Amino acid sequence: MARTTDLDRLLETFLQEGLPGCGLKVAQNGKTLYEGYFGYGDVEKKVPVTDRSVFRIASMSKIVLYTTMMMLYERGKFLLTDPISRYLPQWKESRKLVMMPNGQLNTVPTERPINFSDVMSMKCGLPYCNGPALTEDRTLLSMQECMKPLWEKGHFTVQEQVEAMSQALLSFEPGTHWMYGFSSEIAAALVERITDMPVDDALRTYILDPLGMENTRSRFFGDIQERMVKLYSRDDDGKLTPVNSSLDDKHLPGAEHEMGWGRLFSTVDDYSRLMQMLACGGVFDGHRLMGRKTIDMMRSNGLSGVQLREFQNEVYNEGYGYGYGVRTLIDQGQGNHNGSLGAFGWSGFFGTWCEADPEEGLSVVYMHNCMSETDRFEHLRVRSVSYGLVE
């Protein structure tokens, strides 16, 4: 059985291998099994990482978003088979790319419109489109052309972004393949239309405020900017280089900094509250936020054989399938995983990782902000030792 000292040593090893700093919290059924913070949030100024350190969570923002969607689902606001055009009329019709017998690509109407399930399971056929980079991908070229006027404008709402993208070509028939990408922007726009409030306000109303996640938002407020850890990149030799803070401009208040749906920042403790709620069947600190069976649905694998191969091609997704906004464990052997089937979570581009295990009431939240190629090294070790604490 693992001990908390094993996690101490592990996180110290990460620093020796070159990480600037990190934090971890493991909780089970409302009790903290482990909480530790190591290294620096600002290496140059020797500012230590603490429980008040704020991290960019990038794609881990999706769990907040899709949990909100599942809450709306269980309140009867939509069916997963509903077309998204019910709330976003511009998406009533779409066109897709098809390979002709002569090997050429052609565009034809889709057989059916994109529905809620397609969006929430990354099956709508649109990759990420973050800038006018060179590409030969026809769908991405189409998305870039749609976004060009908004990029030239310099700022835009998520509704403007989603409306522009409604004219883009899909890579495939909705629901037939798995492709990580633009689905979350559509989901954010849907949340706004369903709740009749900005997506940030909806996330606060349904999740952040009820869970007491006071440090989790998309826009800077109070002393958050001062508490945010510095973002670094690390090369193959272990050298750390600060990354230009312009990446954080999207967190600045004001419409002039808005660029679609802004990703969130959070603390280890804040995010642990969300993951504990999900691990404990929708209950946190004695209060129920959502139904246990809805969480079971959220963490059920919805990928076919072809889609599983597409999904497991991504880094450290071995043994996992994909549900609604989360990876979910479907094969402990394939994943070399010492947790339970159905354990689920996600990760973020800047080094954050999380998982909830409803069978054990266990949650694990790990955070660092360093752009490198070693996330697999750190995250999977955190996972195996954290599960080793379970009696």
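My aim in this report is to walk through the structure given alongside it, one point at a time. Predicted model only: the values in this text are computed from it and were never measured.

Criteria and cut-off values
- Residues numbered from 1 in each chain as written.
- Predicted model: local features only at pLDDT ≥ 70, side-chain atom pairs only at ≥ 80, totals over all residues.
- Heavy atoms only, no water.
- Helix = DSSP H or I, 4+ residues; strand = E, 2+ residues; numbered from the N terminus.
- Rg over C-alpha atoms; globule rule 2.2 N^0.38 Å.
- Buried < 20%, exposed > 50% of the residue type's maximum accessible area, 1.4 Å probe, protein only.
- Contact = heavy atoms within 4.5 Å.
- Areas by Shrake-Rupley, 256 points an atom, 1.4 Å probe, with all protein chains shown as cover.
- Lys, Arg positive; Asp, Glu negative; His and termini not counted.
- Charge placed at Lys NZ, Arg CZ, Asp CG, Glu CD.
- Salt bridge = Lys/Arg side-chain N within 4 Å of Asp/Glu carboxyl O.
- Pairing = 2+ DSSP bridges.
- Expected span 1.5 Å × (residues − 1).
- Arc of directions from axis to C-beta.
- Axes fitted to C-alpha atoms, helices over the stretch in contact; angles between N-to-C directions.
- Parallel < 35°, antiparallel > 145°, perpendicular 65-115°, else oblique.
- Left-handed = near helix turned anticlockwise from the far one by under 90°.

It is worth spelling out the overall build of the chain at this point. Helix and strand counts for the chain come out as 13 helices and 18 strands. The globule rule puts the C-alpha radius of gyration for 391 residues at 21 Å, and the 21 Å found for the chain is close to it. Looking at the 391 residues of the chain, the share that counts as buried comes to 56%. If you take every contact in the chain between residues at least 6 apart in sequence, the share linking residues at least 24 apart comes to 66%. Summing over all exposed atoms, the chain offers an accessible surface of approximately 16700 Å²; the carbon and sulfur share of this is 48%. For the chain, the distance from the average position of its 40 positive side-chain charges to the average position of its 52 negative side-chain charges is 3 Å.

Attention now moves to the pattern of salt bridges. Tallied over the entire structure, the rule returns 22 salt bridges. In this structure, D42 and K230 form a salt bridge, with 3.5 Å as the shortest nitrogen-oxygen distance. Of this pair, D42 sits in strand β2 (residues 31-42) while K230 sits in the loop between α8 (224-227) and β8 (232-234), and the two are 188 residues apart along the sequence. Owing to a relative accessible area of 27%, K230 belongs among the partly exposed residues under this scheme. Because the salt bridges share partners, they merge into one network encompassing R292, K293, D296, R299 and E359.

This brings us to the sheet that holds strand β5 (residues 95-99). With respect to topology, 3 strands assemble into an open sheet ordered β6-β5-β7, the strand pairing being mixed. The sheet is open, and its two borders are formed by β6 (105-109) and β7 (169-170), each paired with just one other strand. In this sheet, β6 lies alongside β5 in antiparallel orientation, the contact comprising 5 bridges. From the neighbouring strand, M99 faces β6, where its bridge partner is L105.

This part covers unusual backbone geometry. At N29, a residue that is not glycine, the phi angle is positive and equals roughly 50°. Along the chain, N29 turns up in the loop between β1 (21-28) and β2.

The terminal C-alpha atoms of helix α1 (residues 4-16) lie 19 Å apart, and with 13 residues this matches the ideal 18 Å at 1.5 Å per residue to within 8%. Residues of α1 that are buried include every one of L7, L10, L11 and F14, and no others. For α1, the buried positions fall inside an angular range of 90° around the axis, keeping them on one side. After α1 finishes, the residue G18 shows a positive phi value of roughly 125°.

Right, let's talk about the packing of helix α2 (residues 61-74) against helix α9 (residues 268-279) for a bit. Interaxial distance between α2 and α9 falls to 12 Å at its minimum, and their mutual angle equals 40°. It follows that α2 is oblique to α9 by the angle criterion. Relative to α9, α2 is oriented so that their crossing is left-handed. For the pair formed by α2 and α9, the contact residues are I63, V64, T67 and M71 on the first element and Y271, L274, M275, M277 and L278 on the second.

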